[in-house]
Amino acid sequence: MANPSISSASLIAASAASQATAGMHISMERISTGMKLNGAADDPADAAQASRLNNEIVGTEQLLKNAMNGRSLVDTAEGAHNEIENILQRMREISVQAANDTNDADDRQNLSLEMQELYQEIDRIASVTKFAGEPVMFDDFTSKKFHVGLDLDTQSIVEVTLKSMRPQSLFGASTDISIDGTASAIANIAAIDDAIQLVNAQRSVLGSISNRLASTVNNLTNVSLNLTETLGVIQDADYAIETTRLAMFQILQQSATAMLAQENASRSNVLSLFPR
């Protein structure tokens, strides 16, 4: 004779309803957060890998900022070098003009006045050109290092050395750039040519480093993009799958609940055998 207190069908229906409810909760959590991994319990191996990838992404994004800031510093210095070269070209032009004996004393005095002003402007540009408050041309800007790689070795470092662009560095200790005669004007031409050569050499270094850092930025951007895509594959929820699973679990829950109600109704028919 069946024991009315025990029903395997009820237990099966209750278990199915519980499992469907748990599945619904998981799918709703993933849909609401957009994350397939909401805790290490969801997938311990993937959670560990996602954590490592996230660390690499954060680090790469900071390295990208480092490279961009480094390039900005280099480009700032290169722009000032370019203007100093323009000034030197004008100073050379004045010296060539002063070397001509068609100039009288007053003409040479006027040319000397402009030369002195341009000399002072070179010193001013070298003194006030700064990046983040630090002068980059006043004194030798020695061994500034840009950390642009995930590792801690020398392959992760881009180094730049900037030389002083003050007139004392370009023309030597002498500040005499007078052009009171043909001989002094010709001497100035030679000194200015040497100064232009120094500036051009430094500009070549800056341009090369700027191009290198541009490639570094492109590479880091690509690395960050690929790491982010990989992390998304691991931890982001697939809405098509999750909405389908949610609908499935809802149907299973409703079916299990209906069957549980049906089984309980069937058991209650036993009471009809007893007289009232």
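Residues numbered from 1 in each chain as written. Predicted model: local features only at pLDDT ≥ 70, side-chain atom pairs only at ≥ 80, totals over all residues. Heavy atoms only, no water.

Turning next to the overall build of the protein. The helix and strand inventory of the protein stands at six helices and four strands. In the protein, the order of α-helices and β-strands from amino to carboxyl end is α-α-α-β-β-β-β-α-α-α. Over its C-alpha atoms the protein spans a radius of gyration of 39 Å, topping by over 25% the 19 Å that the globule rule assigns to 276 residues. Burial analysis of the protein (276 residues in total) assigns 33% to the buried set. (Helix = DSSP H or I, 4+ residues; strand = E, 2+ residues; numbered from the N terminus. Rg over C-alpha atoms; globule rule 2.2 N^0.38 Å. Buried < 20%, exposed > 50% of the residue type's maximum accessible area, 1.4 Å probe, protein only.)

Note that G133 resides in the loop between β1 (130–131) and β2 (134–135). Residue classification places G133 among the exposed residues on the basis of a relative accessible area of 59%. A C-alpha to C-alpha distance of 49 Å links G133 and Y239, two positions 106 residues apart in sequence.

A word on the packing of helix α2 (residues 44–98) against helix α5 (residues 182–235). Following both chains from N to C, one finds α2 and α5 inclined at 160°, their axes separated by 6 Å at the closest point. Considering the angle they form, α2 stands roughly antiparallel to α5. In this structure, α2 crosses over α5, and the sense of that crossing is left-handed. Within the contact of α2 with α5, the residues separate by chemical class into 30 nonpolar, 18 polar and 10 charged. (Axes fitted to C-alpha atoms, helices over the stretch in contact; angles between N-to-C directions. Parallel < 35°, antiparallel > 145°, perpendicular 65-115°, else oblique. Left-handed = near helix turned anticlockwise from the far one by under 90°. Nonpolar A, V, L, I, M, F, W, Y, C, P; charged D, E, K, R; others polar.)

What follows is about unusual backbone geometry. Here A132, not a glycine, exhibits a phi torsion of approximately 55°, which is positive. Relative to the elements of secondary structure, A132 occurs in the loop between β1 and β2.

We now examine the packing of α2 against helix α3 (residues 105–128). Close contact between α2 and α3 brings their axes to 10 Å; oriented N to C, the two are set at 165°. Considering the angle they form, α2 stands roughly antiparallel to α3. Considering only the axes of α2 and α3, their crossing is left-handed. For the pair α2 and α3, the contacting residues are A80, E83, I84, I87, L88, R90, M91, I94, S95, Q97 and A98 in the first and R108, L111, E114, M115, L118, Y119, E121, I122 and I125 in the second. Grouping the constituent residues of the contact of α2 with α3 by class yields 13 nonpolar, two polar and five charged. (Contact = heavy atoms within 4.5 Å.)

Further remarks concern the side chain of S210. Positionally, S210 belongs in helix α5. S210 gets classed as buried once you look at its relative accessible area, which sits at 6%. Among all residues touching S210, those that are not within four sequence positions of it are R71, V74 and D75.

Looking at the secondary structure, you find I94 in helix α2. Remark: the alpha-carbon pair of I94 and Q116, spanning 22 residues in sequence, is separated by 11 Å. Not counting chain neighbours up to four residues away, the residues in contact with I94 comprise L111, E114, M115, L118 and I179.

All right, on to α3 then. In this model α3 runs 35 Å from its N-terminal to its C-terminal C-alpha over 24 residues, within 8% of the 34 Å that 1.5 Å per residue would give. Regarding α3, the residues found buried are R108, L111, S112, M115, L118, Y119, I122, D123, I125 and A126. Of the surrounding elements, those touching the buried residues of α3 are α2, α4 (167–171) and α5. The backbone nitrogen of D106 has a side-chain oxygen 3.2 Å away, supplied by the residue at the start of α3, namely D104. (Expected span 1.5 Å × (residues − 1). Polar contact = N/O pair within 3.5 Å; in protein donor to acceptor, adjacent residues only side chain to side chain.)

On to the confidence of the model for the protein. When pLDDT is averaged along the protein, the result is 85; 91% of the residues meet or exceed 70. The secondary structure element of the protein with the lowest average pLDDT is strand β3 (residues 141–147), at 78, and the one with the highest is α2, at 93. (pLDDT = per-residue confidence, 0-100.)

This brings us to helix α1 (residues 8–33). Because each turn of an α-helix spans 3.6 residues, side chains separated by three or four positions end up pointing in the same direction. An ideal rise of 1.5 Å per residue puts 38 Å on 26 residues; α1 measures up with 38 Å between its terminal C-alpha atoms. Listing the buried residues of α1 in full gives S10, A13, A17, A20, G23, M24, S27 and R30. Looking one or two residues past α1, G34 carries a phi angle of roughly 75°, positive in sign.

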